Amino acid sequence: MRLTYFQHRTIFLSALALFLLTAITLPSPSTAVDWVPTDEEIKKYRESWNPFSHGPILVQAVDIQPKGQLSIREFLFSQIGENSFGNRLSTPADHKDGPIHLYQVNPSLNAAYGISNHIELGVALPINAFWARQNGTVTNDAGLGDVSLIMKYRPVVQDPDGWRPSVTHFSQVVLPTSRWAGTERPPGGFSPLGRLPNTRFGELGITQGIMARKNLEPFRISSAVFYTYSVPGSESGTTTYSPDVINTRVILEHILDDKKGFGYNVELSTLHGLNWRADGHGLNRGQRNGFTIVGVEPAIQWKFGDAWVAAAGVLFTVAGQNAIDAIYPNISLYWYWNQTGKVIMR
């Protein structure tokens, strides 16, 4: 059933209200000094080892943009899947051919801006295109994906002289803009991990997460866990309840050349579709028995200018359950701008 203008406006305003509510309820430096790093702690961190480079691909940077700094990211993620896993967690050695052959491309334009040294706001604007064959039937479509509104708040910055990592709270509201635009949902119900963390295609979702990072020259280590609540929807007059989703990440960067920002990453990514919801409602849409995808991505990163960095890699599925066995080639390009004229590594 196509949504009316009133429903479009209601969903959009509800999502915007939730997003702003999260922002305004965070304590400010003037009211809760203990909830933000001191100027001395931030200065100490920024003077420590942290060469300008791309960073991880499969998770947004844990440390936020400095106040007045902007980044624009062009991210191209793709998926090639011709096999599938059964209803128990197994490796690709146990996969079976089909029943879906799925090929997807998901270009995305992401922007992030530091409104203070503690809070960063962002937006992700994706396009999704797919071609699929299932039981002899071919489907394909291309169109607008689901727009994300993102906020990151860092209450703790890492101590270069100790073991304390940076800790960041991540908030994301995903608007079902693909459904509003009439873009067809790909088989399986997910775009190819182009939005990080990933959520169900065409559904309003609210994600909360905790991220951490520690720099230990010549390594940077990042980790994150995200929980996405699938907001109830409506279809043909029936309220729909899809499973919630959990994403996790563990990433190791090894910087080989500080001046060139050159290094390699090993990135672990998991995506879990749950068989329950946080609000306790029974499921009547989606994969009700749950699913799991475990992937490992080797990647390289490099710098090719004072404001330009890039990275490329391939995410390989190493285990799965009730999911497509796929590989995900991807490439990412960042451009940075700082109001002072000098870009600062996050």
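Since this is a predicted model, take the numbers as computed values, not measurements. (Residues numbered from 1 in each chain as written. Predicted model: local features only at pLDDT ≥ 70, side-chain atom pairs only at ≥ 80, totals over all residues. Heavy atoms only, no water.)

Q: Now, about a nonpolar patch on the surface: what can you tell me, with residues and values included?
A: A contiguous nonpolar surface patch, about 900 Å² in accessible area, is contributed by Trp-163, Leu-216, Phe-219, Ile-221, Leu-252, Leu-256, Phe-262, Tyr-264, Val-266 and Ile-300. Looking at the nonpolar patch, the elements that each hand over two or more residues are β8 (219-230), β11 (245-257) and β12 (262-273). When residues of the nonpolar patch are assigned to their parent elements, the largest contribution, three residues, is made by β12. With respect to the helices, strands and loops of the structure, Phe-262 is situated in strand β12. (Patch = residues over 30% accessible without salt bridge, like charges linked within 9 Å, V, L, I, M, F, W, Y side chains within 5 Å. Areas by Shrake-Rupley, 256 points an atom, 1.4 Å probe, with all protein chains shown as cover. Salt bridge = Lys/Arg side-chain N within 4 Å of Asp/Glu carboxyl O. Helix = DSSP H or I, 4+ residues; strand = E, 2+ residues; numbered from the N terminus.)

Q: With reference to specific residues and values, describe the pattern of salt bridges.
A: Considering all chains together, one arrives at 10 salt bridges under this definition. Put simply, Asp-63 and Arg-154 hold a salt bridge, and the shortest N to O gap is 2.9 Å. Here the residue Asp-63 occupies a position in the loop between α2 (39-46) and β1 (69-84), and Arg-154 occupies one in strand β5 (residues 148-156), the gap between them amounting to 91 residues. Exposure remark for Asp-63: the relative accessible area of 0% places this residue in the buried category. Owing to a relative accessible area of 1%, Arg-154 belongs among the buried residues under this scheme. The shortest N-O distance in the salt bridge between Arg-213 and Asp-63 comes to 3.0 Å. Residue Arg-213 is located in strand β7 (residues 205-216), and its partner Asp-63 is located in the loop between α2 and β1; the two are separated by 150 residues in the primary sequence. Several salt bridges share partner residues, and in doing so they unite Lys-44, Asp-159 and Asp-161 into one network. (Buried < 20%, exposed > 50% of the residue type's maximum accessible area, 1.4 Å probe, protein only.)

Q: Before we move on, could you go through empty space enclosed by the protein and cite the residues and values that matter?
A: One pass over the structure, following the stated rule, counts six cavities of 30 Å³ or more. As a volume, the largest cavity reaches approximately 110 Å³. Taken together, 13 residues line the largest cavity, and the ones lying closest to its centre are Gln-60, Asn-110, Ala-111, Ala-112 and Tyr-334. Elements that contribute at least two residues to the lining of the largest cavity include exactly β1, β2 (96-114) and β3 (119-134). (1 Å grid on protein atoms, 1.4 Å probe; cavity = no way out; pocket = protein on both sides within 12 Å on 5 of 7 lines; lining within 4 Å. Points joined across faces, edges and corners; volume = space filled by probe spheres on them.)

Q: Can you lay out the nonpolar core for me, pointing to particular residues and giving the numbers?
A: Within the largest apolar cluster, 19 residues are counted, with the highest numbers of intra-cluster contacts made by Ile-57, Phe-77, Leu-102, Ile-293 and Tyr-328. Listed by contribution, the elements that provide at least two residues to this core are β1, β2, β3, β13 (291-303), β14 (308-321) and β15 (324-338). (Core = buried A, V, L, I, M, F, W, Y, C linked by side-chain atoms within 4.5 Å.)

Q: Would you mind going over the pairing of β5 in detail, with residue names and values included?
A: The buried count for β5 comes to eight of nine residues, which makes it a mostly enclosed element. Bridge count for β3 against β5 is six bridges, and the pairing is antiparallel. Paired with Ile-119 across the two strands is Tyr-153, which belongs to β5. Relative to strand β6 (residues 166-174), β5 is paired through seven bridges, and the arrangement is antiparallel. Considered in β6, the bridge of Ile-150 is made with Gln-172. (Pairing = 2+ DSSP bridges.)

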